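Spelled out from the first residue to the last, the chains are:
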Amino acid sequence: DAMVIQNPRYQVTQFGKPVTLSCSQTLNHNVMYWYQQKSSQAPKLLFHYYDKDFNNEADTPDNFQSRRPNTSFCFLDIRSPGLGDAAMYLCATSGGGVNNQPQHFGDGTRLSIL
Amino acid sequence: QQPVQSPQAVILREGEDAVINCSSSKALYSVHWYRQKHGEAPVFLMILLKGGEQKGHDKISASFNEKKQQSSLYLTASQLSYSGTYFCGTEPPPSNTGKLIFGQGTTLQVKP
């Protein structure tokens, strides 16, 4: 089945140690999103790609970076994780351009900071 | 600007109905509804685009008011599988960008 796959499901890293989360999709969608979701809160958009065009949210910390080397893959890099970055990170895609298309979410990566 | 969902939480018995509201202070381009079970990804339910629109499938339906500032999700004859947190995701104008701002969520618990 076509889907959005996030690896790993659980990631533990040390305070200040860079970490990379990955997302792949078999839907061939143009748009890929990264959200941060803390416990009992709504998903919060960090950034998104429309094809190769990168769009950063104004309040996304500089500590968070992203790469999209091709249509299928997208990475979230956290350069120096702090305790406040512990959260679920969700990747999502949408297709057909951005026009009124639903977002398809991966199962997420739960990040813990020691 | 984050939409406001109400109520924050609902507890139902199987077979009962529920309504979840999503409100914005400004007119919206669209509203998306998602359900998220604990520890799982949000799952898409439906999108509403037009003022006055109503749509649904099976026993879950939604409406979007004429001013496009409020949407409601209707769950009828609830089943245990309906339990989870429901989020509305709103897309502000002026144009559809695909970017969603999610409400704070409504937790629904359906009991036998």
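Residues numbered from 1 in each chain as written. Chains lettered and ligands numbered in written order. Predicted model: local features only at pLDDT ≥ 70, side-chain atom pairs only at ≥ 80, totals over all residues. Heavy atoms only, no water.

1. A few points about the overall build of chain B
Thinking step 1. In terms of regular secondary structure, chain B is built from 0 helices and 11 strands.
Thinking step 2. Going from N to C terminus, chain B has its helices and strands arranged as β-β-β-β-β-β-β-β-β-β-β.
Thinking step 3. Computed over the C-alpha atoms, the radius of gyration of chain B is 13 Å, within 12% of the 13 Å expected from 2.2 N^0.38 for a compact globule of 112 residues.
Thinking step 4. Taken over the C-alpha atoms alone, chain B extends approximately 45 × 30 × 20 Å along its principal axes. (Helix = DSSP H or I, 4+ residues; strand = E, 2+ residues; numbered from the N terminus. Rg over C-alpha atoms; globule rule 2.2 N^0.38 Å.)

2. So, the environment of G82(A)
All names here are of chain A.
Thinking step 1. Mapped onto the elements of the fold, G82 is located in the loop between β8 (73–78) and β9 (87–94).
Thinking step 2. A C-alpha to C-alpha distance of 9.4 Å links G82 and N63, two positions 19 residues apart in sequence.
Thinking step 3. If near-sequence neighbours (up to four positions away) are discounted, G82 is found in contact with F15 and I113. (Contact = heavy atoms within 4.5 Å.)

3. Description of the packing of aromatic side chains
Thinking step 1. Within the structure shown, the criterion is met by 12 aromatic pairs over all chains.
Thinking step 2. Relative to F44(B), the ring of Y34(B) has its centre 5.7 Å away and its plane inclined at 65°; by these criteria the two rings are edge-to-face. In this pair, Y34(B) is assigned in strand β4 (residues 30–36) and F44(B) in strand β5 (residues 42–48), connecting sequence segments 10 residues apart.
Thinking step 3. Exposure remark for F44(B): the relative accessible area of 29% places this residue in the partly exposed category.
Thinking step 4. One aromatic cluster is present, formed by Y33(A), Y35(A), F105(A), Y34(B), F44(B), F87(B) and F102(B) through successive ring pairs.
Thinking step 5. It is K68(B) that lies over the ring of Y29(B); its NZ or CZ is 5.9 Å from the centre. (Phe/Tyr/Trp six-rings, centres within 6.5 Å; stacked < 30°, edge-to-face > 60°. Buried < 20%, exposed > 50% of the residue type's maximum accessible area, 1.4 Å probe, protein only. Lys NZ or Arg CZ within 6 Å of the ring centre and 35° of its normal.)

4. Some words on the sheet that holds strand β7 (residues 64–67) of chain A
Residue and element names in this part refer to chain A.
Thinking step 1. Strand order in this open sheet of 4 strands is β1-β3-β8-β7, and the pairing throughout is antiparallel. The sheet is open, and its two edges are formed by β1 (4–7) and β7, each paired on a single side. Across this sheet, the average inter-strand angle for adjacent strands is 20°, counted without regard to direction.
Thinking step 2. As paired elements, β1 and strand β3 (residues 19–25) share 4 bridges and run antiparallel to each other. (Pairing = 2+ DSSP bridges. Axes fitted to C-alpha atoms, helices over the stretch in contact; angles between N-to-C directions.)

5. Remarks on the interface of chain B and chain A
Thinking step 1. Counting from both sides, the interface comprises 20 residues of chain B and, opposite them, 20 residues of chain A.
Thinking step 2. Across the interface of chain B and chain A, roughly 1,600 Å² is buried in total on both sides, 56% from carbon and sulfur atoms.
Thinking step 3. Linking chain B with chain A are 1 salt bridge.
Thinking step 4. When the shortest N-O distance is used, the salt bridge between K99(B) and E57(A) registers 3.0 Å.
Thinking step 5. If you look at where chain B meets chain A, you find 3 residue pairs in polar contact (both at pLDDT 80 or more).
Thinking step 6. Here the side of chain B that touches chain A is composed, by residue class, of 10 nonpolar, 9 polar and 1 charged. (Buried area = accessible area lost by both parts, 1.4 Å probe. Salt bridge = Lys/Arg side-chain N within 4 Å of Asp/Glu carboxyl O. Polar contact = N/O pair within 3.5 Å; in protein donor to acceptor, adjacent residues only side chain to side chain. Nonpolar A, V, L, I, M, F, W, Y, C, P; charged D, E, K, R; others polar.)

6. Thoughts on the state of the cysteines
Residues and elements named next belong to chain A.
Thinking step 1. Considering all chains together, one arrives at 2 disulfides over all chains under this definition.
Thinking step 2. The disulfide partner of C23 is C91, and the S-S distance across this bridge is 2.0 Å. Around the S-S axis, the bridge from C23 to C91 shows a dihedral of about -75° and counts as left-handed. Placement of C23 in strand β3 and of C91 in strand β9 is noted, with a sequence separation of 68 residues between them. (Disulfide = S-S within 2.5 Å.)

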